Amino acid sequence: MNMITFFIAGLLVHVVFFISIFDIYFTSPLVHGMKPQHLPLPPPAKRLVLFVADGLRADSLFKPEINGTVRAQYLRSVIEERGAWGISHTRVPTESRPGHVALIAGFYEDVSAVAKGWKENPVEFDSVFNESRHAWCWGSPDILPMFAKGASGSHVHTYTYPATMEDFASTDASKLDTWVFHEVKGFFNSAKENQTLLSILHEEQTVFFLHLLGIDTNGHAHRPMSKEYLDNIGLVDDGVAEMVSVFEEFYGNDGKTAYVFTSDHGMTDWGSHGASHLSETLTPLVVWGAGVQIAQRTFTSQTYDDNYLEEWGLETYRRIDVNQADIAPLISTLIGVPIPLNSVGVLPLQYLDNSQHFKAESMHANAIQILEQFKVKMKQKEETTLSFLFTPYQFLTDSKQAEFVRHARELIQIGRFDEAIDGCQALIGLALEGLAYYHTYDRFFLACSVLLGFTGWTAYVILIILKTHAGLRKPPTSRNAVSGSGLGSVFVSVGLLVVLLLLLQASPITYYIYYLLPVVVWFYVLKESWLFTDVIRSVHRLPLSKCLGYLILFAFGVELLVAGFFFRAVLTLGLMALALWPFISGLYRRAKSRTVSWVLSCLCLSVFPLLPAVGREPNTNYVWCAGALTVFLSLCYLWSSHRCLHGRDRHLFVGQVLQVALCTYVLASTHSSLQQKRGLPLFNQLVSWATLASSFVLPLLSSTRLFHRLLSILMALVGVYLLLSTGYEALFPLALSWLMFGWINMEQETMSTQGMSNRTELSSFDFTETIDLTRIRQLRLDDIRRSYFFVFFIIIAFFGTGNIASINSFDPASVYCFLTVFNPFIMGGLLMWKVLIPFVIVMCAFESIQVSTRLSSRSLFLIVLVISDLMALHFFCLVKDYGSWLDIGTSISHYVIVMSMTIFLMLLSIMTHILTSRRIVIGRKMKMHFT
């Protein structure tokens, strides 16, 4: 297998490994074909009004001001006098779309929806709006359309404001909520003169949905502790009170309207959401009106993990907590519509003020609705699994299902409602466990197959390194050909058996890839197994102590990298350990000044992982400092080396210095303008986009001498990074670049001690020259260290300033120089480029080291590939079915980051290999011509 084929095969294999994690852990939980469950008793309410205050934290609503005054007086009066309240516990990711899906459809959406910006429906689903007779919705164009799109018929009516109103630079984002309240009042005023609409509005099973986005937008723009955010809560509270008056007046105070006030997610103190902090997962829930339990005083101690009751002054009012998905069954029950078919919510009976008979019937409908999903899921799995391999869920077999349902119905008929409720709750618990059982039925075998393929691939890469770069080449023999043919027959037989089993089970096409990949990979591993014998025979010629030391350090180093994903402080320890490298290797004797620079740069960079994550403490003064420092150092370099620079390089460098100064001004000017609520200046926006576009072009205009090209790339990237910075992270590229230049110089010294290089080579090297094949060497043990350094610096680039690789919880203030109107794709793309800028800096340094060490790029990359694959394997093995969703999600997110990095590197290697091969061919032709 030639190298280009190897790299392409490796790319495809890693794409399969990347996609597999989503097929194994993030498949859609939805099933279809269930029957809706109708209540046999009349509901307590004819209509329901759902208020969702987007981005509202529970403590921001419930906690009184310092002087004791209540921020939301109307809702507080509801809690104390005529309604029920509690906390709605959300799930990760705490985003608007999955939050609303849980509230209105009753299930926790598959995270694949993030690929569509949480806007479109990856799969169609049922909702309370769809089950209602009519639903009217007012609010954001990002949320409402998805419920209208998934509805059958045209009974879901949406009214949205223009997307341009969702502007983080708006003078007052509460106008989004004012718009909703104004539109609702206008709607009911016009309905009084429209007899057709008036008649429809008086029908039963009607839902009104008011989506209030102002709080979330103000939280992003000004933080949850700001005056804007807190004042917006007061405005929403007044608006809710006004809306209640509008509804009651319109319906003549008939007592048939129920009200639900809640939030889709909370928000951190630094204005982000998406993760699992309590400020993001604790949202308020207030319910009042028809069929709802009135306020209940309690003088017994209420114990909750958050310990907020006393702080909120609500310790004497009964608190009823629910999971977010439980709100959908509550809404459905209050107005008497079937619970959404895919709902996994459990009806919170404590919120209902009705007879025990009604509660028992409601809980029975809830249990049957979830049991229907279980039956469909079980049937699907049974049909796609061979009978002798199928293991049913033992706690809910067909006979047990029938027994549960029959017994519950008998208890209701004889009036033993409390026992019937208990039985239905037990049935719901078992059905939910059974749903999870069948949903994850194939997970273990799929994970084992991918793990087997992954380990085989890693072993194959190691064999390739030994075969092509360690001098272990064995001439083919007829005996080897025969054994290879026999081995091929065995693996073809195994492959055909796997295909037959998958065909009989009507498995998805992806299953064929996951189960056949290990067969192919391990065939090639065993085919090259003679290399292991060669290695064993060569052991006596190897420096065993050095090899063993490298192996121990390598294993420890990989564990250090893995730990760095979970604990950023580990990266600081790693950098401090790297600072000792010149002293351990003895390089400090030859290069004292470069050693000092290396040590200082390591220590300087080691400070960043100890600082708070990016976005928590924004301060543009740091950006000013970073910009000023960049300009000062650039001018110093220009002054000291102006004679070495050609005229074009000098003019380009001066232009880039001025561009960095302009970016610094634009960043400060933009944030000052936004603070004064004057919006994003057009000039600043144009400069920002122009800087981003020019950053891809300007480095190409610089000299082809390696050092000058590196400097031009750095200046171009720093300008863009400054525009995307909000605090201390603006200094990070400077510290990282200092270390990268120090690394390049130290590697030159390393090669000098081996008599293979000199100090002037890098600065005078022109990378457009043809490659001298006689200077490319084989791998050595020291190259393991170089590859490890590269992977370590890549991890530093990702996590040095916090987990900025998480797009869900990013601070939109990072992109205010480019745009302020909410657009998840453009904002996410800009953030990703911010994440990649340090990555590119490290990549450029690594390529320079490959040049200075006379090693082909594919040689070092093979070692890098082994290290990254070992890390990915580590994270893959950390994912456990029995862990919490957060634990699973954390390990999977780390696995995705490592795999994305590996795929990016493989693409880069394929491009580099093609370009290098072309240059080698040209060099050979030129050499033959002159000969």
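Residues numbered from 1 in each chain as written. Predicted model: local features only at pLDDT ≥ 70, side-chain atom pairs only at ≥ 80, totals over all residues. Heavy atoms only, no water.

### Regarding the environment of threonine 268
Here comes step 1: Summarising the element assignment, threonine 268 is placed in the loop between strand S6 (257–262) and helix H11 (278–281).
Here comes step 2: With relative accessibility at 1%, the residue threonine 268 sits in the buried group.
Here comes step 3: Along the sequence, threonine 268 and leucine 278 sit 10 residues apart, while their C-alpha atoms lie 8.4 Å from each other.
Here comes step 4: With residues up to four places along the chain from it excluded, the contact list for threonine 268 reads Arg57, Pro224, His277, Ser279 and Glu280. (Helix = DSSP H or I, 4+ residues; strand = E, 2+ residues; numbered from the N terminus. Buried < 20%, exposed > 50% of the residue type's maximum accessible area, 1.4 Å probe, protein only. Contact = heavy atoms within 4.5 Å.)

### Section: the state of the cysteines
Here comes step 1: Per the counting criterion, the structure on display carries 0 disulfides.
Here comes step 2: Cysteine 877 carries a free sulfur, and the closest cysteine sulfur to it, the one in cysteine 448, is 9.6 Å from it. (Disulfide = S-S within 2.5 Å.)

### Observations regarding the sheet that holds strand S3 (residues 134–139)
Here comes step 1: With mixed pairing, the 8 strands of this open sheet are ordered in space as S4-S3-S5-S1-S6-S7-S2-S8. Both edges of this open sheet fall to strand S4 (156–160) and strand S8 (322–323), since each of them pairs with a single strand only.
Here comes step 2: Lying on the sheet, helix H3 (residues 73–82) is in contact with strand S2 (83–89), S6 and strand S7 (282–289); it crosses S7 at an angle near 60°. (Pairing = 2+ DSSP bridges. Axes fitted to C-alpha atoms, helices over the stretch in contact; angles between N-to-C directions.)

### Describing the confidence of the model for the chain
Here comes step 1: Model confidence for the chain is summarised by a mean pLDDT of 85, while 86% of its residues fall at 70 or above.
Here comes step 2: Scored below 50 in pLDDT, residues 114–118 makes 17 contacts in the model with residues more than four places away or belonging to other chains.
Here comes step 3: Every residue in residues 919–924 is under pLDDT 50, and counting partners more than four places away or in other chains gives 8 contacts. (pLDDT = per-residue confidence, 0-100.)

### Examining the packing of aromatic side chains
Here comes step 1: Under the criterion given, the structure shown has 61 aromatic pairs.
Here comes step 2: With a centroid separation of 6.1 Å and an interplanar angle of 80°, the aromatic rings of phenylalanine 125 and phenylalanine 147 are classed as edge-to-face. Placement of the pair is phenylalanine 125 in the loop between helix H4 (96–105) and helix H5 (128–131) and phenylalanine 147 in helix H6 (residues 144–149), with a sequence separation of 22 residues. For the pair formed by phenylalanine 125 and phenylalanine 147, the shared burial category is buried.
Here comes step 3: When the ring of tryptophan 598 is compared with that of phenylalanine 789, the centres are 6.2 Å apart and the planes differ by 20°; the resulting orientation is stacked. Of this pair, tryptophan 598 sits in helix H24 (residues 592–605) while phenylalanine 789 is found in helix H31 (residues 782–799), placing the two residues 191 residues apart along the sequence. When sorted by exposure, tryptophan 598 lands in the same class as phenylalanine 789, which is buried. (Phe/Tyr/Trp six-rings, centres within 6.5 Å; stacked < 30°, edge-to-face > 60°.)

### Section: a nonpolar patch on the surface
Here comes step 1: A surface patch of nonpolar side chains, amounting to about 370 Å² of accessible area, comprises Leu497, Leu500, Leu501 and Leu504.
Here comes step 2: Leucine 504 sits in the exposed class, given a relative accessible area of 53%. (Patch = residues over 30% accessible without salt bridge, like charges linked within 9 Å, V, L, I, M, F, W, Y side chains within 5 Å. Areas by Shrake-Rupley, 256 points an atom, 1.4 Å probe, with all protein chains shown as cover. Salt bridge = Lys/Arg side-chain N within 4 Å of Asp/Glu carboxyl O.)

### As for the nonpolar core
Looking at soluble globular proteins, one finds that nonpolar side chains tend to be buried together.
Here comes step 1: Core analysis: the largest hydrophobic core is formed by 145 residues, its most contacted members being Trp598, Trp743, Phe790, Phe792, Phe793 and Met871.
Here comes step 2: Broken down by element, this core gets its largest block of residues, 13 residues, from helix H33 (residues 857–878).
Here comes step 3: Residues within four places of tryptophan 598 in sequence aside, it is in contact with Leu578, Ala579, Trp581, Pro582, Leu739, Gly742, Trp743, Met746, Phe789 and Phe793.
Here comes step 4: Counting 69 residues, the second-largest nonpolar core is a separate cluster that includes Ala135, Ala290, Met378 and Leu430. (Core = buried A, V, L, I, M, F, W, Y, C linked by side-chain atoms within 4.5 Å.)

### Side note on the packing of helix H14 (residues 356–383) against helix H16 (residues 417–439)
The axes of two packed helices give the description: the angle between them and the distance between them.
Here comes step 1: Interhelical geometry of H14 versus H16 gives an angle of 20° and a closest axis separation of 8 Å. With respect to each other, H14 and H16 are oriented roughly parallel. Judged by the twist between their axes, the crossing of H14 over H16 is left-handed.
Here comes step 2: Of the residues that constitute the contact of H14 with H16, the class distribution is 16 nonpolar, 8 polar and 4 charged. (Parallel < 35°, antiparallel > 145°, perpendicular 65-115°, else oblique. Left-handed = near helix turned anticlockwise from the far one by under 90°. Nonpolar A, V, L, I, M, F, W, Y, C, P; charged D, E, K, R; others polar.)

### Structural notes on the pairing of S3
Side-chain positions along a regular strand alternate between the two faces of the sheet.
Here comes step 1: Counting buried positions over the 6 residues of S3 gives 6, a clear majority of the element.
Here comes step 2: What you see with S3 is no split at all: His134, Trp136 and Trp138 on one side and Ala135, Cys137 and Gly139 on the other are buried throughout.
Here comes step 3: In terms of strand pairing, S3 meets strand S5 (residues 206–212) through 5 bridges, oriented parallel. What sits directly across from tryptophan 138, in S5, is leucine 210.
Here comes step 4: Summarising the sheet, S3 and S4 pair through 5 bridges and their orientation is parallel.

### Things to note about the pattern of salt bridges
Here comes step 1: Counted according to the given criterion, the structure contains 22 salt bridges.
Here comes step 2: Among the salt bridges present, the one from aspartate 59 reaches arginine 57, with a minimum N-O distance of 2.9 Å.
Here comes step 3: Assessed through its relative accessible area of 4%, arginine 57 is described here as buried.
Here comes step 4: Ionic pairing is found between glutamate 749 and arginine 590, a salt bridge with its closest N-O pair at 3.9 Å. Linking glutamate 749 in helix H29 (residues 732–753) with arginine 590 in the loop between helix H23 (581–585) and H24, this pair joins segments that are 159 residues apart in sequence.
Here comes step 5: Put simply, Glu747, Asp783, Arg785 and Arg786 are held in one network by salt bridges that share partners.

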